[in-house]
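The lines below spell out each chain.
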Amino acid sequence: MNASPTPAALYTVATLACACMLAIFASPGCGDFEAGADRAILNVSYDATRGFYRELNDEFARHWREKTGERIRVRMSHGGSGAQARSVMDGLPADVVTLALAGDIDAIARQSRLLPENWQGKLPHNSAPYTSTLGFLVRKGNPRDIHTWSDLAREGIQVITPNPRTSGVAQWNYLAMWGYALRRELGSDFVAKMNDPAHARDVARAQQVAREFVASVYRNVAVMDSGARSATNTFIQRGIGDVLINWENESLLGSRDLDAAGLEMIVPTVSILAEPTVAVVERTAERRGNTDLARAYLEFLYSDFAQDLAGRYYFRPVTEKALTKYAHQFPALELFTVDEVFGGWAEALRVHFRDGGTFDQIYAR
Amino acid sequence: MSVIAARSFALPRIRQPSVLPGFGLTMGFTLFYMTLLLLIPLAGLLLAATRMSFSEFWVKGIADPRVLAAYRLSFGASLLAATLNAIFGFIVAWVLVRYRFPGKRLIDAIVDLPFALPTAVSGIALTTLYARTGWIGQWFDIFGIRIAYTWIGIVIALTLIGLPFVVRTLQPALEDLEKELEEASACLGATRWRTFTRVIFPSVLPALLTGFALALARALGEYGSVIFIAGNMPHRTEIAPLLVVVRLENHDDHGAIAISIVLLAAAFVMLLSINLLQWWSRRYQH
Amino acid sequence: MSNPSTSSSTARAAPINPSAAESPWVRWVLIAIALGFISLVLLLPLALVFRYAFGEGLGVYLAAIRDADTVAAIRLTLITAAIVVPLNTVFGVMAAWAIAKFEFRGKSLLITILDMPFAISPVVVGMIFVLLFGARGWLGPTLSQWGIQIIFTPIAIVIVVAFGTMPFVVRELVSLMQAQGSEEELAALTLGASGFQTFRRITLPNIKWGLIYGVILCNARAMGEFGSVYVVSGRIRGETDTMPLHIEALYNDYLLTASFAVASLLAMLAIVTLVVKSIVEWKIARDQAIATGDDPGD
């Protein structure tokens with residue numbers, strides 16, 4: 001008895017579904033982003049660069065069209081830096097990678113040979129077209145009186161930082177704390193002392209103190225998200241924790257709204273120079289016939305426009321011109337590098353972040 | 001779950017004779033599709049696991065303290081959530097079957113919501129609801145109780161996804177209960193509570209256990225709704241499925257495979273025991 | 001996972017004999033507990049989704065939904081469902097026919113295996129396909145020699161979604177078909193109908209309501225699949241982001257309103273699914289009542 005209404009009902013449902021699909025396909029604005037592009041490259045990046053690359057890509061496409069007449073498009077994938085590196089190794093067809101740290105690109109080069117191991121020498125400034133450092137976000141008025149790294153280890157302070165095993169910024173956080181403790185123990189010439197055999201005993205003792213210091217900070221970590229974005233969400237949206245350690249650029253970018261959100265930013269005076277690095281994934285780009293485009297794209301990062309844009313997004317530019325222009329927005333700090341204090345990324349990864357490395361030992365307790 | 005209730009006794013031939021056509025076609029396609037999509041990938045996983053030595057599997061999949069902590073949390077929270085579901089699900093099913101009250105049809109329909117609501121949606125909704133600033137979280141915050149980003153939040157997320165399993169397996173069992181038995185029990189002078197514990201509860205116990213096991217099986221593997229509300233702290237609020245992703249992202253394939261094998265084995269054991277339970281409850285009822 | 005046809009449609013009135021019933025006091029406490037629990041765990045989260053989605057006004061809501069990346073995510077989700085749902089429907093009908101109409105050895109094993117996608121963690125599913133099709137996987141290198149890329153493309157998303165939603169149609173149909181038995185089909189065959197005619201004229205009308213619910217539930221799950229898609233997607237904005245992934249990305253970008261706006265679309269889909277389910281239950285109850293000559297009750 002239901003034979004007749006059923007096909008009708010099915011027909012109606014099917015028509016409605018088709019209409020919805022059509023409406024979505026035909027809706028204005030949709031599809032524009034890929035319309036008419038002759039070629040596309042894929043840039044696999046980390047979380048904190050979303051806004052920067054969105055603006056940069058439009059300008060680069062314009063620039064490329066003026067130069068060659070070809071219409072191109074840059075596709076983006078964002079995520080935790082370590083996770084993104086893994087995806088590239090598994091076949092995410094990235095023409096360029098713009099990750100949070102050299103160690104992640106090293107891993108791609110070493111494990112899947114998609115780019116030569118000397119990739120870091122191929123672009124100026126160690127392939128880091130912009131740098132940054134770390135900042136603390138605290139609640140307005142700084143009620144817990146947090147000014148520098150040692151305050152993070154105080155009893156009862158709740159620290160928010162992502163997991164160093166998955167997040168790029170979290171590794172910078174970890175190394176900055178460690179370096180800070182070495183600097184505190186050994187004095188301002190700590191880098192020189194670390195390379196001087198005469199101070200070997202002092203250095204060994206300082207390393208031990210640093211380890212304990214870092215462990216005591218991690219005991220205060222209240223939530224350990226897998227990426228910088230979720231950590232920031234936990235701190236700002238969910239109101240958890242007394243202090244969030246994050247990229248300086250991310251914190252400053254939000255600073256216009258910080259006041260409204262009841263937050264304040266503190267930049268510790270001794271910290272690490274974070275160098276997010278970029279590279280052409282040569283084998284992939286070649287296979288897809290994009291080598292010229294990928295190279296030009298990364299070189300464009302050193303152009304006046306890109307450097308100025310980096311400054312506007314609160315990255316520290318590397319060219320003199322942009323650096324002078326934006327100097328006022330960055331506090332003067334004493335910054336050490338991974339190469340100086342940890343003997344490069346490969347060594348830092350091996351000692352601290354591999355399975356059973358120092359971080360695991362500290363955290364397992 | 002009544003699908004599972006198919007008879008399991010061994011048959012002398014592969015197929016009993018039937019006049020109905022189409023066995024070859026339908027069975028062939030079923031096996032083909034399942035093999036392609038399900039069996040080959042699963043076999044691949046098992047094959048990958050055999051490339052590991054047993055000691056490596058033991059160290060990465062079981063003995064590692066962080067992995068152990070994740071299992072403890074996953075199993076503990078799932079058990080707790082399934083228990084909550086068994087208790088409250090029983091009450092919901094009872095109320096829906098036995099009583100009349102305003103909004104009953106709405107409640108009956110909404111019980112299935114977790115089947116149809118994507119886990120990412122329930123994840124962000126629960127997190128926003130139970131965070132310190134959320135509609136519910138703020139009231140607990142007065143007493144210093146945190147729900148989101150602690151194990152309590154995980155239990156709530158797992159309770160949400162498991163609820164319909166308990167209610168929907170209990171409802172038919174409660175409907176099938178013979179009223180005469182209850183009335184006889186009452187006539188013989190038993191109190192209502194005694195009738196409940198001696199007559200009603202034992203007859204629906206198999207269904208309750210089935211629902212409990214289903215909720216547990218689903219909760220063990222849940223990922224989407226939990227990662228939002230869990231703090232994801234190693235050793236404290238990191239569930240086992242999340243650890244699989246973390247291991248993958250850290251380029252530790254063997255670690256991820258080892259944990260997956262344990263989860264897979266747990267899932268299979270759960271399904272088998274659900275089968276047994278259903279077989280038992282069939283026998284019980286007839 | 002239960003079957004709508006057997007669940008709740010035959011609720012009966014409270015018993016008349018007072019000694020075999022609870023006191024009104026107990027009754028209302030139980031109802032209050034049930035309502036409180038459902039509100040706390042189900043209704044409030046659902047209400048919150050819409051409150052946050054529309055909290056800043058309809059304009060902001062519409063702008064969030066018409067964003068190019070969101071539209072692309074909706075489109076990918078629809079395409080995925082449009083491929084997966086028909087596949088799993090055909091599979092579901094075939095498998096249900098084989099399981100419900102015939103007795104064969106290994107049937108319960110088959111059913112247990114069919115249930116596996118319910119119990120396997122979605123991230124494990126995603127991982128398996130990364131291991132299979134990844135550039136360092138077992139099939140990945142061979143396929144990429146032929147120029148085929150699967151992982152981090154919509155194809156991988158379709159595969160994992162098909163895996164995760166495989167059992168939904170089968171489940172709805174098997175119990176219904178077993179309950180209905182095969183007498184009508186046998187009669188048709190005896191009268192000279194062909195196998196396919198029998199299926200189309202007899203079986204299909206009998207199972208249509210269960211089929212509709214199975215299909216729409218399968219559709220809701222296909223559109224909402226998260227864990228496995230998260231692992232295989234590569235998250236290329238505007239290309240391999242499905243709606244649930246896009247919700248997560250927006251949420252992590254502090255775009256709470258946009259995130260809840262996309263979530264509200266999926267929540268509406270869930271509500272439609274529940275409404276269809278209620279209609280289906282009512283139809284089945286009515287059909288059964290008419291078939292047995294009873295009054296349908298409501």
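What you are looking at is a predicted structure, and each value in this text was computed from that prediction instead of being measured. Along each chain, residue indices are assigned from 1 in the same order as the chain's sequence is written. For this description, chains carry letters from A and ligands carry numbers from 1, given in the order in which they are written. Reporting in this predicted model follows two pLDDT cut-offs: at least 70 for local features of residues, and 80 or more for side-chain atom pairs to be given and counted; totals over whole chains, interfaces and linings ignore these cut-offs and use all residues. To get the side-chain values, all heavy atoms of the structure are used, and hydrogens and water are removed first.

(A) Layout of the overall build of chain B. Secondary structure elements follow DSSP: runs of H or I of four or more residues count as helices, runs of E of two or more count as strands, with numbering from the N terminus. Tallying secondary structure elements over chain B gives 13 helices and zero strands in all. Overall, chain B shows an N-to-C arrangement of helices and strands of α-α-α-α-α-α-α-α-α-α-α-α-α. Projected onto the principal axes, the alpha-carbon positions of chain B cover approximately 65 × 65 × 30 Å. The criterion used for residue contact is that any of the two residues' heavy atoms lie within 4.5 Å. For chain B, restricting intrachain contacts to residue pairs at least 6 apart in sequence, the fraction spanning at least 24 positions comes to 75%.

(B) Representation of the sheet that holds strand 3 (residues 96–99) of chain A within the structure. All names here are of chain A. One open sheet accounts for four strands, arranged 2-1-3-11; its pairing is mixed. What marks the edges here is a single partner per strand, and that holds for strand 2 (72–79) and strand 11 (277–280). Within the sheet, the average angular offset between the axes of one strand and its neighbour, ignoring direction, is 20°. Here, any two strands with at least 2 DSSP bridges between them count as paired. As defined by bridge partners, strand 1 (residues 39–46) adjoins strand 2 across eight bridges and the pair is classed as parallel. What sits directly across from I41, in strand 2, is V74. Contacting strand 1, strand 2, strand 3 and strand 11, helix 2 (residues 50–68) runs over the sheet at an angle of about 165° to strand 2. Lines fitted to the C-alpha atoms define the axes, with helices restricted to the stretch that makes contact. Angles between their N-to-C directions range from 0 to 180 degrees.

(C) Representation of the interface of chain B and chain C in the model. Counting residues at the interface gives 112 residues for chain B, matched by 111 residues for chain C. Note: buried area is the sum, over both parts, of the accessible area (probe 1.4 Å) each one loses when the two are combined. Carbon and sulfur atoms supply 74% of the area buried between chain B and chain C, which totals about 10400 Å² over both sides. The term salt bridge refers to a side-chain nitrogen of Lys or Arg lying within 4 Å of a carboxyl oxygen of Asp or Glu. Seen at the junction of chain B and chain C, the total is one salt bridge. Across the pair D112(B) and K277(C) runs a salt bridge whose closest N-O atoms are separated by 2.3 Å. Any pair of N or O atoms that falls within 3.5 Å is considered a polar contact. Within protein, one atom must be able to donate a hydrogen and the other to accept it, and sequence-neighbouring residues count only if both atoms are side-chain atoms. Counting the contacts that link chain B with chain C gives eight residue pairs in polar contact (both at pLDDT 80 or more). Gly is placed with the polar residues, together with every amino acid not listed as nonpolar (Ala, Val, Leu, Ile, Met, Phe, Trp, Tyr, Cys and Pro) or charged (Asp, Glu, Lys and Arg). A breakdown of the residues in the side of chain B that touches chain C according to their chemical character gives 75 nonpolar, 18 polar and 19 charged.

(D) Structural detail: the domain arrangement of chain A. All names here are of chain A. Domain start and stop points were drawn from an automatic or database domain assignment. Per the domain assignment, the segments making up chain A are domain 1 (39–130 + 275–328) and domain 2 (134–273 + 333–364). Centre-to-centre, using C-alpha coordinates, domain 1 lies 26 Å away from domain 2. Counting residues at the interface gives 18 residues for domain 1, matched by 18 residues for domain 2. Buried surface at the junction of domain 1 and domain 2, both sides included, amounts to about 1700 Å², of which 58% is carbon and sulfur. Here domain 1 is connected to domain 2 by one salt bridge. We note a salt bridge from R316 to E248, for which the minimum N-O separation is 2.8 Å. Of all the elements in the fold, those that place two or more residues in the side of domain 1 that touches domain 2 are helix 3 (81–89) and helix 4 (102–112). Looking at side-chain class alone, the side of domain 1 that touches domain 2 contains nine nonpolar, four polar and five charged residues.

(E) Molecular detail of empty space enclosed by the protein. Site definitions follow a grid-based scheme: protein atoms alone, a 1 Å grid, a 1.4 Å probe that fits but cannot get out for cavities, and for pockets an open set with protein on both sides within 12 Å along at least five of seven lines, plus lining residues having an atom within 4 Å of a point. Grid points are joined across faces, edges and corners, and a volume is the space filled by probe spheres set on the points. Within the structure shown, the criterion is met by eleven cavities of 30 Å³ or more. For the largest cavity, the calculated volume is near 510 Å³. As for the largest cavity, its lining consists of 35 residues, and the residues nearest its centre are S226(A), S230(A), Y230(C), E248(C) and N252(C). Across the lining of the largest cavity, the residue classes break down as 13 nonpolar, twelve polar and ten charged. Quantified by volume, the second largest cavity comes out at close to 310 Å³. Every residue lining the second largest cavity is counted, 28 residues in all, and those nearest its centre are T119(B), R218(B), P122(C), R221(C) and E225(C). Every element with two or more residues in the lining of the second largest cavity is listed here: helix 5 (113–116), helix 6 (119–130) and helix 8 (151–176) of chain B together with helix 5 (107–119), helix 6 (122–133), helix 8 (154–165), helix 11 (195–224) and helix 12 (227–232) of chain C. Along the lines of polarity and charge, the residues of the lining of the second largest cavity split into 17 nonpolar, seven polar and four charged.

(F) Just the interface of chain B and chain A, in detail. At the interface, 22 residues of chain B touch 23 residues of chain A. Between chain B and chain A, the buried area comes to about 2000 Å², and carbon and sulfur atoms account for 48% of it. Summed over the three residues of chain B that lose the most area to chain A, namely Y149(B), E249(B) and H251(B), the buried surface amounts to 28% of that side. Between R86(A) and D253(B) there is a salt bridge, with the nearest N and O atoms lying 2.4 Å from each other. Applying the counting criterion to the chain B and chain A interface returns two residue pairs in polar contact (both at pLDDT 80 or more).

(G) Inspection of helix 13 (residues 243–252) of chain C at higher detail. For helix 13 of chain C, a buried count of ten out of ten residues is recorded, marking the element as mostly surrounded by other parts of the structure. When a residue's accessible area, from a 1.4 Å probe over protein chains only, is under 20% of the maximum for its type it is buried; when over 50% it is exposed; and in between it is partly exposed. Restricting attention to buried positions, one finds in helix 13 of chain C the residues M243(C), P244(C), L245(C), H246(C), I247(C), E248(C), A249(C), L250(C), Y251(C) and N252(C).

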